[in-house]
Amino acid sequence: MKKIFKRTSLLLATALIGVTATVQAQKSPQDMDRFIDALMRRMTVEEKIGQLNLPVTGEITTGQAKSSDVAKKIEQGLVGGLFNLKGVAKIRDVQKLAVENSRLGIPLLFGMDVIHGYETIFPIPLGLSCTWDMAAIGQSARIAAIEASADGISWTFSPMVDISRDPRWGRVSEGSGEDPFLGGAIARAMVLGYQGKDLNDQLTRNDEIMACVKHFALYGAGEAGRDYNTVDMSRNRMFNEYMYPYEAAVHAGVGSVMASFNEVDGVPATANHWLMTNVLRKQWGFNGFVVTDFTGISEMVEHGIGNLQTVSARALNAGVDMDMVSEGFVGTLKKSFTEGKITMKTLDAACRRILEAKYKLGLFDDPYKYCDLSRPARDIFTREHRDAARRIAAESFVLLKNEPFEGQGKKSSRPVLPLEKQGTVAVIGPLGNTRSNMPGTWSVAARLDDYPSLYEGLKEMTAGRVNITYAKGSNLIGDVAYEERATLFGRSLGRDNRTDKELLDEALKVASGADVIVAALGESSEMSGESSSRTDLDIPDVQRTLLEALLKTGKPVVLTLFTGRPLTLTWEQEHVPAILNVWFGGSEAAYAIGDVLFGDVNPSGKLTMTFPKNVGQIPLFYNHKNTGRPLAAGNWFEKFRSNYLDVDNEPLYPFGYGLSYTTFQYSDIALSTPVMGQNGSTTAVVTVTNTGKRDGAEVVQLYIRDLVGSITRPVRELKGFEKVFLKAGESKTVSFKITPELLRFYDYDLNHVAEPGDFDVMIGGSSQAEKTARLTLK
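Residues numbered from 1 in each chain as written. Predicted model: local features only at pLDDT ≥ 70, side-chain atom pairs only at ≥ 80, totals over all residues. Heavy atoms only, no water.

> Please set out the overall build of the protein chain residue by residue, giving values where relevant.
The secondary structure content of the protein chain amounts to 23 helices and 29 strands. Taken over the C-alpha trace, the protein chain has a radius of gyration of 27 Å; the compact-globule value for 778 residues is 28 Å, and the two agree within 12%. Taking the principal axes of the C-alpha coordinates as reference, the protein chain spans close to 85 × 65 × 50 Å. Buried residues in the protein chain amount to 63% of all 778 residues. Within the protein chain, residue pairs in contact and separated by at least 24 positions form 79% of the contacts whose partners lie at least 6 positions apart. Total accessible area computed for the protein chain in this model is approximately 28,300 Å², and 49% of it derives from carbon and sulfur atoms. Across the protein chain, 87 positive and 93 negative side-chain charges occur, with their mean positions spaced 3 Å apart. (Helix = DSSP H or I, 4+ residues; strand = E, 2+ residues; numbered from the N terminus. Rg over C-alpha atoms; globule rule 2.2 N^0.38 Å. Buried < 20%, exposed > 50% of the residue type's maximum accessible area, 1.4 Å probe, protein only. Contact = heavy atoms within 4.5 Å. Areas by Shrake-Rupley, 256 points an atom, 1.4 Å probe, with all protein chains shown as cover. Lys, Arg positive; Asp, Glu negative; His and termini not counted. Charge placed at Lys NZ, Arg CZ, Asp CG, Glu CD.)

Below is the structure:
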């Protein structure tokens, strides 16, 4: 150990292998500055550049590129961090290389795509957002941080807060939907869940990790819904509709930001000085570091703005601090420095930001802070964590339809759901018995074989009361090559080589002996996510054929819909009596689905993306603007108005929509004062009553419309929400404080203003809320 102490004599604490991380003594910013000043004086240009290098280990691949000879580069001080290395023992061994074998012993950052859980998997982020429950969302991030940190991870590439109005884009599954206000609230909850508090105060615990908000900026607005595609919009639209969630994460103290692949104003985000320096650092005050996305620097060569040396220098000069995988920094910045294309001041600033992050994480006090070998068995995939995941998954499901069953000459007086815990229930469909698809996309640390399929979970939880049977019924997709593309990363459904007719005949035989059919249909987990854009959002061909045949049996059918995006369900809405959207609910999804299907949990999820009637309506979102020729409410078509010949303008399911096993009634809105000054406030009050026979939760939503503005304003914008639990027959008063801050927007000159005038205040259970009151801002 003497060799270690000598080599790291400037470090604030010794590196003790296998020692449990302890609480770091709080230090002042001046302590950090003095420490890093002293360290950087000893660093060579190459070592400073090395801190900006983030290669991938190759064990979990997120793209085509792979790094080699990583260990040698670590020993040479040419690596600042690694990502997607799984296992605390492996991470400790690699950290030991950096601490003991490099000249200065600077510890590494270890990052991973911990997107919606580590080994305990929560619903995909789009599903999580549909809980509208910030405490639950924050808890999911907190548990993810506990588990990831127990396995050596100190940094997560989450949350993704990109606003998107285009469900053709597969990565809507990773985001929080179409609304910036809700997206900002979720961004704050996630950052605080991962980090525990503002990273500027230093993370003293070994079960808190650094968050990374992504993808900055506008990644969700790619043209045609195609991944990595061009983005082009006005700055006014950027700030009013897309930027707020990133800013909210920054103000919550997020430690790092990831640059997006797309261009902004014709310049790729990774080289965009206005974006990374003017907006992020100067306007918003961000003082963490910026990392590229996977090969984000080298990809700018294909964008056509220069060779690898040129784009690397442009990225650094723009304000990017760390190069993920491209090795453009480590390979070219020394040459750019000698040629005067970058300055030592710029290089030092980037290096300092990386070192500050390591300091704030406590890695200089104890490089093995996250390497306690006893923690994984104690802290990962625990019963407590799994119980939370089950509860939160059930809360994310959205009941899209639930009507009485009519069939076989019978007409029920009660809706199909919840099901009775008796008789025989047939689980039929290609997604009914596939463990590996339950967690959903971007669950890289998942234990795919340890999570029950829907069939297995229902059978286990109803044993002795309900007879659960199963048939696959069809393959995922008729096209073999398409199914292969949609089931990557170990998520194969195991294609059945029987004919479509043989599969269907088996399903109908199983269905004939059932009282109820649970049709497990929709997307596989990798049909959404990165590089999984789709132009056709219908349920795949052979699955539709299966569903039609099941409905013809005359048995009650519950469409249990697996999906990572809004689908076009116009036919299903017309013909299927009950539709429960379960997204991809995570490791405990099977049990959570059972909880809702059998009524142990009353569904309370509300959509955070609009469901269109067909892809021709896309982009379709609730907070749109009026044209000069709007279609009158309730009209299908009117010549010389803004509409279509073949479909009306309305969505199939609007933003904020979701049914319950009970019903809720809203009173009229009461304002504490209808007139508000620029320094004043008013309170909007509504009484919500559970008018049904079951206890349940309702998401009460506040929308505001600015009736006249200096620029055009949306027809309504979400400005508040509260999830309330009501027993059957119970009433509660829900209040929203409205201040001028909620009425602000960016005007033509990008001033953030609250303009005097009249506003409509609307409260209800979806974005189609009808209860309205008039507010005037002086």
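That was the structure; now back to the text.
> Explain unusual backbone geometry to me, and be specific about the residues and the numbers.
In this model, F216 is joined to A217 through a cis peptide bond whose omega is 5°. The topology assignment puts A217 in the loop between β5 (212–216) and α9 (235–242). Looking along the chain, the bond that leaves I618 and enters P619 is cis, with omega of 0°. Relative to the helices and strands, P619 is located in the loop between α23 (589–597) and β19 (664–666). Even without glycine at this site, V325 takes up a positive phi of about 80°. Mapped onto the secondary structure, V325 falls in the loop between β10 (323–324) and α14 (328–338). Notably, S531 is not glycine yet its phi reads approximately 55°, a positive angle. Structurally, S531 can be placed in the loop between β16 (516–522) and α21 (541–552).

> I'd like a rundown of the sheet that holds strand β28 (residues 757–764), residues and numbers included.
Note: strands within a sheet are paired through backbone hydrogen bonds, in either parallel or antiparallel orientation. Reading across the sheet, the five strands line up as β21-β29-β28-β23-β24 and stay open at both edges, with mixed pairing between neighbours. A single partner strand is all that each edge strand has here, and the edge strands are β21 (675–676) and β24 (717–726). Pairing analysis gives two bridges linking β21 to strand β29 (residues 771–777), with the strands arranged parallel. Looking at the pairing, M676 lines up with L777 of β29. (Pairing = 2+ DSSP bridges.)

> Pulling in residues and values, what's your account of the environment of K48?
Turning to its location among the elements, K48 is positioned in helix α3 (residues 45–50). Look at K48 and you get buried, because its relative accessible area is 9%. Those residues in contact with K48 that sit more than four places away from it in its chain are M40, M43, M344, L347, D348 and C351.

> Quick rundown of the packing of helix α8 (residues 180–195) against helix α10 (residues 244–251)? Include the residues and the values.
The contact between α8 and α10 brings their axes to 8 Å, and the two run at 30°. With respect to each other, α8 and α10 are oriented roughly parallel. You can see that α8 and α10 cross each other, and the crossing is right-handed. Residue-level inspection shows P180, F181, G183, G184, A187, R188 and V191 of α8 in contact with α10, the latter providing Y244, P245, A248 and A249. In the contact of α8 with α10, the residues fall into eight nonpolar, two polar and one charged. (Axes fitted to C-alpha atoms, helices over the stretch in contact; angles between N-to-C directions. Parallel < 35°, antiparallel > 145°, perpendicular 65-115°, else oblique. Left-handed = near helix turned anticlockwise from the far one by under 90°. Nonpolar A, V, L, I, M, F, W, Y, C, P; charged D, E, K, R; others polar.)

> How would you explain the packing of aromatic side chains if you had to name every residue and give the values?
Inspection of the entire model under this criterion finds 24 aromatic pairs. When the ring of F35 is compared with that of F364, the centres are 4.7 Å apart and the planes differ by 65°; the resulting orientation is edge-to-face. In this pair, F35 sits in helix α2 (residues 29–42) while F364 sits in the loop between α15 (344–360) and α16 (375–379), placing the two residues 329 residues apart along the sequence. In this pair, the class of F35 matches that of F364, namely buried. Here W155 and F157 contribute two aromatic rings whose centre-to-centre distance is 4.8 Å and whose plane-to-plane angle is 65°, an arrangement assigned as edge-to-face. The same class applies to W155 as to F157, namely buried. Here the aromatic residues W132, F181, Y622, F655, Y703 and F721 are joined through ring pairs into a cluster of three or more. The aromatic ring of F621 is capped on one face by R165, whose charged end is 4.2 Å from the ring centroid. (Phe/Tyr/Trp six-rings, centres within 6.5 Å; stacked < 30°, edge-to-face > 60°. Lys NZ or Arg CZ within 6 Å of the ring centre and 35° of its normal.)

> For the nonpolar core, give the residues involved together with the corresponding values.
Core analysis: the biggest nonpolar cluster contains 136 residues, and W155, F216 and M243 have the highest contact counts within it. Core analysis: the second largest hydrophobic core is formed by 82 residues, V425, A520, L569 and V596 among them. (Core = buried A, V, L, I, M, F, W, Y, C linked by side-chain atoms within 4.5 Å.)

> Give a detailed account of the pattern of salt bridges, specifying residues and quantitative values.
Within this structure, the stated rule accounts for 50 salt bridges. The closest approach of N and O atoms between D151 and K86, which form a salt bridge, is 4.0 Å. You can see D151 sitting in the loop between α7 (134–150) and β4 (155–156) and its partner K86 sitting in the loop between β2 (81–83) and α5 (88–101), a full 65 residues away along the chain. Judged by its relative accessible area of 7%, D151 falls in the buried class. Across the pair R235 and D265 runs a salt bridge whose closest N-O atoms are separated by 2.8 Å. Taken as a pair, R235 in helix α9 and D265 in the loop between β7 (263–264) and β8 (267–268) lie far apart in primary sequence, 30 residues in all. On the basis of relative accessibility, which here comes to 32%, the residue R235 falls in the partly exposed class. Judged by its relative accessible area of 36%, D265 is partly exposed. Ionic contacts of the salt-bridge type, sharing partners, join the residues K86, E119, D151, R447 and D450 into one network. (Salt bridge = Lys/Arg side-chain N within 4 Å of Asp/Glu carboxyl O.)

> Describe α23, listing the residues and the values that go with them.
When you tally the buried positions in α23, you get nine out of nine residues, the bulk of the element. All of the buried residues along α23 are A589, A590, Y591, A592, I593, G594, D595, V596 and L597. The secondary structure elements touched by the buried residues of α23 are α17 (383–396), α18 (454–461), β16, β17 (557–562) and β18 (578–581). After α23 finishes, the residue G599 shows a positive phi value of roughly 85°.

> Can you tell me about the confidence of the model for the protein chain, naming the residues and giving the values?
Of the residues in the protein chain, 94% have a pLDDT of 70 or more, and the chain-wide mean is 94. Within the protein chain, helix α1 (residues 2–7) has the poorest average pLDDT of any element, 36, and β18 the best, 99. A low-confidence stretch, residues 1–24 (pLDDT under 50), is modelled with 62 contacts involving residues beyond four sequence positions or located in other chains. In this model residues 59–68 is a low-confidence stretch, pLDDT under 50, and it forms 26 contacts with partners more than four residues away in sequence or in other chains. (pLDDT = per-residue confidence, 0-100.)

> Describe the packing of α7 against α8, listing the residues and the values that go with them.
Direction vectors running N to C along α7 and α8 enclose 35°, while the axes themselves pass 7 Å from each other. Judged by the sense of rotation from one axis to the other, the crossing of α7 with α8 is right-handed. Residue-level inspection shows M134, I137, G138, S140, A141, R142, A144 and A145 of α7 in contact with α8, the latter providing L182, A185, I186, A189, M190, G193 and Y194. Taken together, the residues that form the contact of α7 with α8 break down as 11 nonpolar, three polar and one charged.

> Residue-level account of a nonpolar patch on the surface, with values.
A contiguous nonpolar surface patch, about 350 Å² in accessible area, is contributed by W636, F637 and L645. As for its position among the elements, L645 is in the loop between α23 and β19. (Patch = residues over 30% accessible without salt bridge, like charges linked within 9 Å, V, L, I, M, F, W, Y side chains within 5 Å.)

> Residue-level account of α18, with values.
Those residues of α18 not exposed but buried are L454, Y455, G457, L458 and M461. Projected down its long axis, α18 carries its buried residues within an arc of 165°, all on one side. (Arc of directions from axis to C-beta.)

> Run through the pairing of strand β6 (residues 256–259), naming residues and quoting values.
Residues of β6 alternate between two faces, with S256 and M258 on one and V257 and A259 on the opposite face, all of them buried. One ladder, built from three bridges, connects β5 with β6; its direction is parallel. Counted as the bridge partner of C212 is S256 from β6. Where β6 meets strand β9 (residues 289–291), three bridges bridge the pair, whose relative direction is parallel. Bridging from a neighbouring strand, S256 pairs with F289 of β9.

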